[in-house]
Amino acid sequence: MRLWETKSWGVSAWRWRDRFRSVYIIGGERIRGIMRKVVKFGGSSLASAEQFKKVGNIIHEDAERKFVVPSAPGKRYDGDIKVTDMLYGCYALADADQDFSAELQAIRARYQEIVDGLELDLSLEEEFAVIGKMFGEKAGSNYAASRGEYLNGIIMAQYLGYEFVDAAQVIFFDEEGNFDADRTNEVLSARLAGCEAAVIPGFYGAMPDGSVKTFSRGGSDITGSIVAKAVKADVYENWTDVSGFLIADPHIIESPESIDVITYRELRELAYMGVPVLHEDAIFPVRQQGIPINIRNTNAPEDDGTWIVGSTCQKSRFVITGIAGKKGYCSVNIEKDMMNSEIGFGRKVLQAFEDSGISFEHMPSGIDTLTVFVHQDEFIHKEQKVVAAIHRLAEPESIEIESDLALIAVVGRGMKSTRGTAGRIFSALAHNNINVKMIDQGSSELNIIIGVANEDFENAIRAVYDIFVIAQL
Ligand code: ASP
């Protein structure tokens, strides 16, 4: 998982934490020792023995942290290689019938360093003998990659004195390779009901024939969520190397404010606009159960991080929760007199895009105009084909294409109950000489999407941030 870096928390963070504490208590006698927390630690949190010790302290400090989902060891420093990548590389050699012993040895050394640093009485000799043999027999790259989490799980279980539960025994995929949520939940919850405390490695499960299959990259986030659902956790803590989400990209805004609480829907809007957050599929299992996710920082456990919740009556600190955007869009502007009364016009236009396999991002419309926003890199090679198809299917008067556009999403549950948000955005942009090419307010009033030229992208984000955040501090 990658997140925008964040800075330390201020007083307000403590205020939020207290609020959440009281929510738990109101939530039904879940006082001290009865709450269940599933804790997932990312690769950077488990990259070395030193990091493992921090994780151990975090777990021991709270008796409610009973179910632990580890990733494989990540990077120890800039330029280091994640164990998952080492495993893929090593297996590629095995698959090509080349000698992979040195690469496997290097992976083993990564784990040995952790085992030694933790002073554990644990030998991975047999495990590596099996892995070497399986690589030789071409067990597949899924099996190979999964060993990163598997071995880290064994070490973690021994270090904590928790039971080790192999994910291949409790997390399942169907014949098509899709995650089998029902079977998994049935088996996993029954298995964990009998455990006082357990470590379940992230990232993988098993196919119906028992072979190992992984989720897509970053998939330990998904395992954490699945485990949280299975044990009916009160909270899913996702520990990483930053203290939560930021309101805007720190590459554009210097030291942006943090997000205390964000709803799943707001997060989805921001993630869609390119904010690097949790693995997308990690939201679904916990969201279904109303389990909040708390993003925390292993290197700064005193920070409260960001809470991701289903819904909340907690007002966000600012009218907006976050701003995000992407460059590289084209707009296709289609004009036709009396378009508004022509039944099926929109469908015919979209048919032209569909026939070329192009998905559209937004489609604002006027009385006699309709604009379709598409990704420039997807569209550029097919533009003439699409234009010809629109002419053929919809018979417009004119079609104009504009390129190098950026879309910016201003997201916030607070917008619904605040008057003048759009007005403030547009006056801020006008004051900064930014020409607005498009505006689209979602019907949920959760977001306002603005189209500007690529070159105005950063300035537009700064202008919006200034008016809603800086001006309110
Ligand atoms: N180790 C896997 C990866 O690097 C899964 C994860 O860390 O979530 O993608």
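Refer to the structure printed above.
All values reported here derive from a predicted model rather than from experimental measurement.

**Focus on the pattern of salt bridges**
Part 1 of the argument: Across all of its chains, the model carries 23 salt bridges by this definition.
Part 2 of the argument: Across the pair glutamate 257 and arginine 317 runs a salt bridge, and its minimum N-O distance is 3.1 Å. Linking glutamate 257 in the loop between β7 (235-240) and β8 (261-263) with arginine 317 in the loop between β10 (306-309) and β11 (322-335), this pair joins segments that are 60 residues apart in sequence.
Part 3 of the argument: Accessibility expressed as a relative area gives 15% for glutamate 257, which makes it buried.
Part 4 of the argument: Its relative accessible area of 29% is what places arginine 317 among the partly exposed residues.
Part 5 of the argument: Arginine 268 serves as the salt-bridge partner of glutamate 280, at 2.9 Å between the closest nitrogen and oxygen. Of this pair, glutamate 280 sits in the loop between α10 (264-272) and α11 (283-289) while arginine 268 sits in helix α10, and the two are twelve residues apart along the sequence.
Part 6 of the argument: Residue arginine 268 is classed as partly exposed on the basis of its relative accessible area, which comes to 46%.
Part 7 of the argument: Taken together, the shared-partner salt bridges in this structure form one network comprising Lys37, Glu61, Asp62, Glu64, Arg65 and Glu237.

**Thoughts on a negative patch on the surface**
Part 1 of the argument: On the surface, Glu335, Asp337, Glu397 and Glu400 cluster together to form a negatively charged patch.
Part 2 of the argument: Topologically, aspartate 337 is positioned in the loop between β11 and α12 (345-355).

**Focus: the packing of helix α4 (residues 101-117) against helix α6 (residues 141-160)**
Part 1 of the argument: Here α4 crosses α6 at 15 degrees, and the two axes come no closer than 11 Å. Between α4 and α6, the interaxial angle falls into the category roughly parallel. Considering the relative orientation of α4 and α6, their crossing is right-handed. Of the residues in α6, those touching α4 at Tyr111, Ile114 and Val115 are Arg147, Gly148, Leu151, Asn152 and Ile155.
Part 2 of the argument: A per-class count over the contact of α4 with α6 returns five nonpolar, two polar and one charged.

Each value, and the rule that gives it
- Residues numbered from 1 in each chain as written.
- Predicted model: local features only at pLDDT ≥ 70, side-chain atom pairs only at ≥ 80, totals over all residues.
- Heavy atoms only, no water.
- Salt bridge = Lys/Arg side-chain N within 4 Å of Asp/Glu carboxyl O.
- Helix = DSSP H or I, 4+ residues; strand = E, 2+ residues; numbered from the N terminus.
- Buried < 20%, exposed > 50% of the residue type's maximum accessible area, 1.4 Å probe, protein only.
- Patch = residues over 30% accessible without salt bridge, like charges linked within 9 Å, V, L, I, M, F, W, Y side chains within 5 Å.
- Areas by Shrake-Rupley, 256 points an atom, 1.4 Å probe, with all protein chains shown as cover.
- Lys, Arg positive; Asp, Glu negative; His and termini not counted.
- Charge placed at Lys NZ, Arg CZ, Asp CG, Glu CD.
- Axes fitted to C-alpha atoms, helices over the stretch in contact; angles between N-to-C directions.
- Parallel < 35°, antiparallel > 145°, perpendicular 65-115°, else oblique.
- Left-handed = near helix turned anticlockwise from the far one by under 90°.
- Contact = heavy atoms within 4.5 Å.
- Nonpolar A, V, L, I, M, F, W, Y, C, P; charged D, E, K, R; others polar.

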